[in-house]
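# Per-entry structural report
In case you want the letters, here they are:
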Amino acid sequence: MRIPRHGARLDAARKDVIVPGVSPAPPASSLRRRLLQAAALAACLPIAACATPPDIGGSFVQLWRSHLDWTPAQWRERLTATHALGCKEIFVQWVGIDGEPDNTWMAPNALIRTILDVCATLRMGVHLGVPYDERWWTAIDDAQADGLDAYLQRTGKRATAYMQNTAWPKHSAFRGWYLPYELEQYHWATPSRIDKLSAWLSPMADIALATSGHPPTISTYFSQLPTPGTLVDLWGTLHDRVQLHPMIQDGVGVAGMSNYTALTPLFAMLKARGASFDIIIELFESLPTEKNDGTDFDAKVADFARVRRQCEMAAQFGATRLVAFAIDPWVLDDTPGSKALLRDWKAALS
């Protein structure tokens, strides 16, 4: 399965995008009730009632083969537009795709250099994602340990070799590495699985730290599939063993504002440990599809009032950054929804 052309979300190919009848929320606590009440109240406020624009400090840039034909002028236009909305950093999700022979490609050095150079002129930082093997979801679903072990060994070697053998960390705009493999509590529910995951991540994190001076960023989300695992268990162990900077998807694009309730225990645990983390603000709203299993994922642009509510909610949890997924394409596309979101965003900034 492949992520759709515009990558509606980081994990559009995952199988739990829509799970009818499954509630993601844990039992309510007073804090969670207050969060839900705050979300409900914010939903009733008109746009004019809030004077501040969304506090987005970064955005993902998801490269596809079509981007290989872009000119420096096109990159300058898109990145300038992204910067104008308040972004100080971008996260290039991957520099290439590993997979089946007909879908394997790498961005040429000239393209990556153009992105870095343009961002340098804009005083924006760039986090680069290592090559992504799109067979991730198939591999972690594999009940046979040998298949998963071989996949992890291959991708780990590929990622560390890329980080060690490129000169991008010397560029003035470079800020660190991104590992484009999303983590959730469904596939990583048991101690043995978490052991395998941490053993895979640890060498990559060490190389990322050695080459960039910063722990790598990696995305995580709350899976709606029933599982005995929890994000608190997963990240409590990873935090003890591996130097990582988690980026937590808010999940609002699929599950709605109530997904913040499901994430509250993770936020609380990370805060108690003094761990830094980002929150990813999803700028889309998923739409029903015929299959409803994520393989034909479809979505529309979120409206400005909802995006602002997401930012207000996320700001309560002490994240290092709020990072959009993603200004390009959801705000910069030539569609009525994107134009409306861009118009309202600019008006709030003025």
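Look up: the structure comes first, before these words.
The paragraphs below set out a description of the structure included in this document.

Cut-off values and rules
Residues numbered from 1 in each chain as written. Predicted model: local features only at pLDDT ≥ 70, side-chain atom pairs only at ≥ 80, totals over all residues. Heavy atoms only, no water. Helix = DSSP H or I, 4+ residues; strand = E, 2+ residues; numbered from the N terminus. Buried < 20%, exposed > 50% of the residue type's maximum accessible area, 1.4 Å probe, protein only. Contact = heavy atoms within 4.5 Å. Areas by Shrake-Rupley, 256 points an atom, 1.4 Å probe, with all protein chains shown as cover. Salt bridge = Lys/Arg side-chain N within 4 Å of Asp/Glu carboxyl O. Phe/Tyr/Trp six-rings, centres within 6.5 Å; stacked < 30°, edge-to-face > 60°. Pairing = 2+ DSSP bridges. Axes fitted to C-alpha atoms, helices over the stretch in contact; angles between N-to-C directions. Expected span 1.5 Å × (residues − 1). Polar contact = N/O pair within 3.5 Å; in protein donor to acceptor, adjacent residues only side chain to side chain. Right-handed = clockwise from strand over helix to strand, strands pointing away.

Attention shifts here to the overall build of the chain. The helix and strand tally for the chain stands at 12 helices and 13 strands. Looking at the chain residue by residue over its 350 residues, the buried ones come to 54%. Contacts in the chain between residues at least 24 apart in sequence constitute 82% of all its contacts with a sequence separation of at least 6. When the accessible surface of the chain is split by element, carbon and sulfur atoms take 54% of a total near 14,800 Å².

The next point concerns the pattern of salt bridges. For the structure on display, the rule yields 11 salt bridges. In this structure, the salt-bridge partner of Asp 328 is Arg 78, at a minimum N-O distance of 2.6 Å. Taken together, the residues span a long stretch of sequence, with Asp 328 in helix 11 (residues 327–330) and Arg 78 in helix 2 (residues 72–84) at a distance of 250 residues. Judged by relative accessible area, Arg 78 falls into the partly exposed class, the value being 23%. Across the salt bridge formed by Arg 135 and Asp 133, the nearest N and O atoms sit 2.9 Å from each other. Judged by its relative accessible area of 27%, Arg 135 falls in the partly exposed class. Judged by relative accessible area, which is 2%, Asp 133 ranks as buried. A network of salt bridges, in which partner residues are shared, links Glu 89, Asp 278 and Arg 321.

Below, the discussion takes up the packing of aromatic side chains. Counted by the stated rule, this structure contains 21 aromatic pairs. With centroids separated by 5.6 Å and ring planes inclined at 35°, the aromatic side chains of Phe 60 and Phe 91 adopt a geometry described as tilted. Here Phe 91 lies in strand 2 (residues 89–92) and Phe 60 lies in strand 1 (residues 58–61), a separation of 31 residues in the sequence. Grouping residues by exposure puts Phe 60 and Phe 91 together as buried.

Here the focus is the sheet that holds strand 7 (residues 174–183). Judged by pairing direction, the barrel is parallel, and its 8 strands sit side by side in the order 1-2-5-7-8-9-10-13 before closing back on the first. Between one strand axis and the next, the sheet turns through 30° on average, direction left out of account. In this sheet, strand 5 (residues 125–129) lies alongside strand 2 in parallel orientation, the contact comprising 4 bridges. Bridge pairing in strand 5 places Val 92 opposite Leu 128.

What follows is about the sheet that holds strand 3 (residues 96–98). The strand order across the open sheet formed by 3 strands is 4-3-6, and the pairing between neighbours is mixed. Edge positions in the sheet fall to strand 4 (105–106) and strand 6 (132–133), since each has one partner strand and no second. Sheet analysis places strand 3 next to strand 4, joined by 2 bridges and oriented antiparallel. Paired with Ile 97 across the strands is Trp 105, a residue of strand 4.

Quick look at helix 3 (residues 109–121) now. Helix length check: helix 3 (13 residues) gives 18 Å between terminal C-alpha atoms against 18 Å at 1.5 Å per residue, within 8%. Taken together, the buried positions of helix 3 are occupied by Leu 111, Ile 112, Thr 114, Ile 115, Leu 116, Val 118 and Cys 119. Of the surrounding secondary structure, the elements contacted by the buried residues of helix 3 are helix 2, strand 2, strand 5 and strand 7. Positive phi shows up at Arg 123, right after helix 3, with a value of about 60°.

Moving on, we get to the side chain of Thr 82. Within the secondary structure, Thr 82 is located in helix 2. Of the residues examined, Thr 82 reaches a relative accessible area of 5% and is grouped as buried. Polar side-chain contacts of Thr 82 include one of 2.9 Å to the backbone oxygen of Arg 78.

This paragraph deals with the pairing of strand 9 (residues 245–249). Among the 5 residues that make up strand 9, 5 are buried, leaving the element largely enclosed by the rest of the structure. Side chains His 245, Met 247 and Gln 249 project from strand 9 onto one buried face, and the interleaved Pro 246 and Ile 248 project onto a second face that is buried too. For strand 8 (residues 217–220) and strand 9, the ladder comprises 4 bridges, and the chain directions are parallel. Note that in strand 9 the partner of Ile 218 across the bridge is Pro 246. Of the crossover connections in this fold, the one passing from strand 8 over helix 7 (residues 231–241) to the parallel strand 9 is right-handed.

With that out of the way, let us pick up the pairing of strand 8. Residues of strand 8 alternate between two faces, with Thr 217 and Ser 219 on one and Ile 218 and Thr 220 on the opposite face, all of them buried. Here strand 7 runs beside strand 8; their pairing, made up of 3 bridges, is parallel. Looking across to strand 8, one finds that Leu 179 is bridged to Ile 218. For the handedness criterion, the β-α-β arrangement of strand 7, helix 6 (residues 191–212) and strand 8 is classed as right-handed.

On their own, these measurements won't tell you what the molecule is for.
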